[in-house]
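Working through the structure, step by step
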Amino acid sequence: MAGPDSNSGALDRALLGCYALGCLTCAYLTLLSFSAEAGYLCELAGTDCVGVIGSDYGRILGLSVATLGLGFFLGQAVLLVIAGNRFVTSSVPYLLLGAGAGGLVFSGYLIFAMRVALGQDCLACYGAHAANAAAVACLVARIIWIKRQAPQVCRQ
């Protein structure tokens, strides 16, 4: 995961942190999809996470969007960890970036549906979307770092 350069290691740790935050948020939302009583934290924030999760927009083919999000973040984290030190020399950064960009498009749709179609807010949902946006930002920074290091790697 972390290369020999401290900047790359910091970016990888930040990326893993984004995925961990996304996993935790989606795990909470998945719990909400099974038990409305778990929505107390959302009520404290003045948002209706239970209403959003329970809406028609909260499921795809019978699966909770939160459960799909949990799988997405777990998959991203596992791929990052498995890539390990080969991260720089593999296509993993681009796979993660492509998946993250697709996730951003889907996040945009879900935020639109939440705000416009449902007229509701879900603080935890926003957290999951923000975790993905931050992960994409880390990936862009990491790919820029890889590209800047490429000439040095070729010279060695």
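Because the structure is a prediction, the values reported are computed rather than measured.

Rules behind the numbers
- Residues numbered from 1 in each chain as written.
- Predicted model: local features only at pLDDT ≥ 70, side-chain atom pairs only at ≥ 80, totals over all residues.
- Heavy atoms only, no water.
- Helix = DSSP H or I, 4+ residues; strand = E, 2+ residues; numbered from the N terminus.
- Buried < 20%, exposed > 50% of the residue type's maximum accessible area, 1.4 Å probe, protein only.
- Contact = heavy atoms within 4.5 Å.
- Areas by Shrake-Rupley, 256 points an atom, 1.4 Å probe, with all protein chains shown as cover.
- Axes fitted to C-alpha atoms, helices over the stretch in contact; angles between N-to-C directions.
- Parallel < 35°, antiparallel > 145°, perpendicular 65-115°, else oblique.
- Left-handed = near helix turned anticlockwise from the far one by under 90°.
- Nonpolar A, V, L, I, M, F, W, Y, C, P; charged D, E, K, R; others polar.
- Salt bridge = Lys/Arg side-chain N within 4 Å of Asp/Glu carboxyl O.
- Expected span 1.5 Å × (residues − 1).
- Polar contact = N/O pair within 3.5 Å; in protein donor to acceptor, adjacent residues only side chain to side chain.
- Arc of directions from axis to C-beta.
- Phe/Tyr/Trp six-rings, centres within 6.5 Å; stacked < 30°, edge-to-face > 60°.

Across its full length, the chain carries six helices and two strands. Each helix and strand of the chain, ordered N terminal to C terminal, gives the series α-α-α-β-β-α-α-α. Within the chain, the fraction of its 156 residues that count as buried is 38%. Here the analysis covers contacts within the chain between residues at least 6 apart in sequence; of these, 71% occur between residues at least 24 apart. Accessible area of the chain: about 8,300 Å², with a carbon and sulfur share of 67%.

What follows concerns the packing of helix H4 (residues 65-83) against helix H5 (residues 92-117). As a packed pair, H4 and H5 sit with axes 10 Å apart at the nearest point and diverge in direction by 165°. The angle between H4 and H5 places the two elements in the roughly antiparallel class. Judged by the twist between their axes, the crossing of H4 over H5 is left-handed. Between H4 and H5, the contacting residues are Val65, Phe72, Gln76, Leu79, Leu80 and Ala83 on the first element and Val92, Leu95, Leu96, Ala99, Gly100, Phe106 and Leu110 on the second. A breakdown of the residues in the contact of H4 with H5 according to their chemical character gives eleven nonpolar, two polar and no charged.

We now examine the pattern of salt bridges. With the rule as written, the count across this model stands at two salt bridges. Across the pair Arg142 and Asp12 runs a salt bridge whose closest N-O atoms are separated by 2.7 Å. Placement of Arg142 in helix H6 (residues 123-155) and of Asp12 in helix H1 (residues 6-34) is noted, with a sequence separation of 130 residues between them.

Taking 1.5 Å per residue, 26 residues should reach 38 Å; H5 reaches 36 Å between its end C-alpha atoms and fits that length. Of the residues flanking the end of H5, it is Gly119, one or two places downstream, whose phi is positive at about 65°.

Another aspect to go through is the side chain of Ser64. Assignment of secondary structure puts Ser64 in strand S2 (residues 63-64). Ser64 sits in the buried class, given a relative accessible area of 4%. From its side chain, Ser64 meets the backbone nitrogen of Ala66 in a polar contact 3.1 Å long. Apart from residues no more than four positions distant in its own chain, Ser64 is found in contact with Ser33, Gly58 and Arg59.

Relative to the 27 Å expected for 19 residues at 1.5 Å per residue, H4 spans 27 Å between its end C-alpha atoms, a close match to the ideal helical length. Those residues of H4 not exposed but buried are Val65, Ala66, Gly69, Phe73, Gln76, Ala77, Leu80 and Ala83. The arc that holds every buried residue of H4, seen down its axis, measures 135°, which confines them to one face. Among the residues trailing H4, Gly84 stands out with phi positive, at a value near 50°.

This brings us to the environment of Val136. Note on placement: Val136 falls in helix H6. You can call Val136 buried: its relative accessible area is 10%. Setting aside residues no more than four positions away along its own chain, Val136 makes contact with Leu97, Gly100, Ala101 and Leu104.

Turning to the packing of aromatic side chains, a few remarks are in order. In the structure shown here, the tally under the stated rule is three aromatic pairs. Judged by centre distance (5.3 Å) and plane angle (75°), the rings of Phe72 and Phe73 are edge-to-face. With a centroid separation of 6.0 Å and 25° between ring planes, the pair formed by Phe106 and Tyr109 is classed as stacked. With Phe106 and Tyr109 both in helix H5, this residue pair falls three residues apart, about one helical turn. Judged by relative accessible area, which is 34%, Phe106 ranks as partly exposed. Residue Tyr109 is classed as partly exposed on the basis of its relative accessible area, which comes to 44%.

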